[in-house]
Amino acid sequence: MSLALKREIGLPSAVLLVIGGIVGTGIFLNPAVVARSLHSPVLILSVWAVGGVMAILGAFVYAELADRMPATGGEFAYERSAFGDLVAFLFGWTTLLVVQTGGMAAVALSFSKYALVLFGHEAPAGGPDPLANIVAVTVLALLAITNCLGVKSGNGVQTLLGVLKLLAIAGLVFGGLFMIAKPFPITHPVLDRAPSTDLVKSFGAALIPVVFAYGGWQTANYVGGEIKNPRRNLVLALLIGVIAVIGLYLAVNIACLRALGPKALGETLAPASDVLKVAIGPVGAKLAALAIAVSTLGYLSQGMLTGPRVYLAMASDGLFFSQLAKVTEKTRVPAVAIVVQAVWTAVLVLSGTYEQIVAYDVSINFLFFAVTGAAVFVFRRRDRTASAQTRADAGFRIPLHPFSTVLFILICIIVVANGFWSDLRDSLIGYSILAAGVPAYFLWRHFPKLIKKTES
């Protein structure tokens, strides 16, 4: 008999998982990227608000799916039920090879970079930094070990880092809002140029890094099988977590604009550092590096906890190596899946290919967001033929469906199309990896010994 995962994650920890999956380095860096396209405080805040609306639409979709199927694996479980094994396998395939591990490799190196800054280390010019690679791989190993000790251990570290992350962001916001001697106005001008197609194009360009910064809410669904009372707590965690992040992101941007103004914000490469320098002096640069290091470490901890549950779900359903479905008897965690993810992420760190992977993993990610959104229509159609008792048991449902769900799917399709438009080469490479999953799927189907389920 196979061992089951333990439900040890409560609502507060689930909320921090949602926040941890969204908030990485983007909010510390992307305010400057947005300000390079838009030069009006009102427009800058508007584009972050629009991105927040998109995130809420996504949270609504995933909240309904979490209520319907509070199972381990998240999107894998939804897509398998709605569209079959092949689509679900391709999701898991790209999650392991590209999306989850590529993003974690990039963030691990970001952590090592900012952590080393705190100790006065200067990276070599024009080449890789061996010490940064060592630090990145070491932190991945430590987080993997922590998560192998049990979900309570892994979630405890994630909760602590999540709280520290929120405190770091609160410090940045406090400095920008209350410690600036001569703040810049944020209510005017409304437009930085006359209304035109150029303004629309700039707004669209600014929306891209904003949408990316809001991504990641879905990873909390991966651990649905380990959340207490998931039909209630996972739904609440998604909605509370996304709304909290919207508030945080708007507050950070207001702080940046008050401290620097739109012009200086668009010119800086380190907005968090510059805000804290203006607020408290030269020590602000060190505090900014500490804040970013804590935030990246929290993101890595969340990814190490959630991602392996996808591979466990794949293996449990006979769609991947059966060893990844094994749950350790003492700690009740998918230790093999955790180690596999950590090792592959470390390989990407050391190979230097993570930058290319990050260039196209967002496009693949949003493709499966759209597929997951479409799954809602499949389940709603099944509802019409379900029994009266099943319909009476319905919990959370997406507000303004089908309009809000269709809008979410359209936004995802636009992001995918933009990836091809802005970087055709890398997009084709990414989708070639996706396509390679098709023969891999049939390989598993035709060699059942490779996918034998875990036996007692």
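If you're wondering where the values come from, they're calculated on a predicted model, not measured in any experiment.

Draft legend 1. The overall build of the chain, seen in detail. Of regular secondary structure, the chain possesses 17 helices and zero strands. Here the chain, with 456 residues, has 55% of them falling under the buried criterion. Across the chain, every contact between residues at least 6 apart in sequence was considered, and the portion connecting residues at least 24 apart equals 84%. Total accessible area computed for the chain in this model is approximately 18,900 Å², and 70% of it derives from carbon and sulfur atoms.

Draft legend 2. Layout of the nonpolar core. Judged by nonpolar contacts, the single largest core of 147 residues is most densely connected at Trp48, Phe89, Trp217, Val242, Tyr249, Leu300 and Phe408. Per-element tally for this core: the top contributor is helix α5 (residues 85–118), with 17 residues. Aside from chain neighbours lying at most four places away, what touches Trp48 is Ile27, Asn30, Pro31, Val34, Val210, Ala213, Tyr214, Tyr249, Leu250 and Asn253.

Draft legend 3. A look at a nonpolar patch on the surface. Taken together, Phe174, Phe178, Met179, Ile280, Val283, Leu287 and Leu290 make up a surface patch of nonpolar side chains, about 640 Å² in accessible area. Listing elements by their share of the nonpolar patch, those giving two or more residues are α7 (151–178) and α11 (283–306). Positionally, Leu290 belongs in helix α11.

Draft legend 4. Fine view of the packing of α11 against helix α12 (residues 308–316). Taken N-terminus to C-terminus, the directions of α11 and α12 make an angle of 10 degrees; their axes are 5 Å apart at the nearest point. Considering the angle they form, α11 stands roughly parallel to α12. Contacts from Gly303, Met304, Leu305 and Thr306 in α11 reach Pro308, Arg309 and Val310 in α12. When grouped by side-chain class, the residues that make up the contact of α11 with α12 number four nonpolar, two polar and one charged.

Draft legend 5. Seen up close, the packing of helix α1 (residues 11–22) against α11. Taken N-terminus to C-terminus, the directions of α1 and α11 make an angle of 115 degrees; their axes are 8 Å apart at the nearest point. If you check the angle between α1 and α11, you find them roughly perpendicular. The way α1 lies across α11 gives a crossing that is left-handed. Together, Leu17, Gly20 and Gly21 of α1 and Tyr299, Gln302, Leu305 and Thr306 of α11 make up the contact between the two elements.

Draft legend 6. Here's a closer look at the packing of aromatic side chains. Overall, the coordinates contain 13 aromatic pairs when judged by the stated rule. Here the aromatic cluster, defined as three or more aromatic residues joined through ring pairs, consists of Phe89, Trp93, Tyr441 and Phe442.

Draft legend 7. A look at helix α6 (residues 130–148). A rise of 1.5 Å per residue sets the reference length of α6, with its 19 residues, at 27 Å; its end C-alpha atoms lie 27 Å apart and thus fit the reference within 8%. Along α6, the residues classified as buried are Ala132, Asn133, Ala136, Val139, Leu140, Leu143, Ala144, Thr146, Asn147 and Cys148. One or two residues past the end of α6 sits Gly150, with phi positive at roughly 140 degrees.

Draft legend 8. A look at the pattern of salt bridges. On inspection of all chains with the given rule, the structure shows eight salt bridges. Between Arg397 and Asp67 there is a salt bridge; the shortest N-O distance is 3.3 Å. Note that Arg397 is positioned in the loop between α15 (388–392) and α16 (403–422) and Asp67 in helix α3 (residues 41–68), a separation of 330 residues in sequence. We classify Asp67 as buried; its relative accessible area is 5%. One continuous salt-bridge network, built from bridges that share partners, spans Glu64, Arg68, Arg380 and Asp383.

Draft legend 9. Summary view of unusual backbone geometry. Look at the link from His401 to Pro402: it is a cis peptide, with omega at 10 degrees. At Asn229, a position not held by glycine, the phi torsion is positive, near 45 degrees. With respect to the helices and strands, the residue Asn229 is situated in the loop between α8 (197–214) and α9 (230–267). One non-glycine residue, Leu400, lies in positive phi territory at about 60 degrees. Relative to the elements of secondary structure, Leu400 occurs in the loop between α15 and α16. According to the relative accessible area criterion, Leu400 is exposed, its value standing at 69%.

Draft legend 10. Quick peek at the side chain of Ser404. You can see Ser404 is positioned in helix α16. For Ser404, a relative accessible area of 8% puts it in the buried group. Excluding its chain neighbours within four sequence positions, the residues that come into contact with Ser404 are Leu57, Ile398 and Pro399.

Draft legend 11. Local environment of the environment of Ala66. Within the secondary structure, Ala66 sits in helix α3. Residue Ala66 is classed as buried on the basis of its relative accessible area of 0%. Between the C-alpha atoms of Ala66 and Leu234, which are 168 residues apart in sequence, the distance is 6.6 Å. In this structure, Ala66 is in contact with Tyr78, Asn221, Leu234, Val235 and Leu238, ignoring residues within four places of it in sequence.

Conventions and cut-offs
- Residues numbered from 1 in each chain as written.
- Predicted model: local features only at pLDDT ≥ 70, side-chain atom pairs only at ≥ 80, totals over all residues.
- Heavy atoms only, no water.
- Helix = DSSP H or I, 4+ residues; strand = E, 2+ residues; numbered from the N terminus.
- Buried < 20%, exposed > 50% of the residue type's maximum accessible area, 1.4 Å probe, protein only.
- Contact = heavy atoms within 4.5 Å.
- Areas by Shrake-Rupley, 256 points an atom, 1.4 Å probe, with all protein chains shown as cover.
- Core = buried A, V, L, I, M, F, W, Y, C linked by side-chain atoms within 4.5 Å.
- Patch = residues over 30% accessible without salt bridge, like charges linked within 9 Å, V, L, I, M, F, W, Y side chains within 5 Å.
- Salt bridge = Lys/Arg side-chain N within 4 Å of Asp/Glu carboxyl O.
- Axes fitted to C-alpha atoms, helices over the stretch in contact; angles between N-to-C directions.
- Parallel < 35°, antiparallel > 145°, perpendicular 65-115°, else oblique.
- Nonpolar A, V, L, I, M, F, W, Y, C, P; charged D, E, K, R; others polar.
- Left-handed = near helix turned anticlockwise from the far one by under 90°.
- Phe/Tyr/Trp six-rings, centres within 6.5 Å; stacked < 30°, edge-to-face > 60°.
- Expected span 1.5 Å × (residues − 1).

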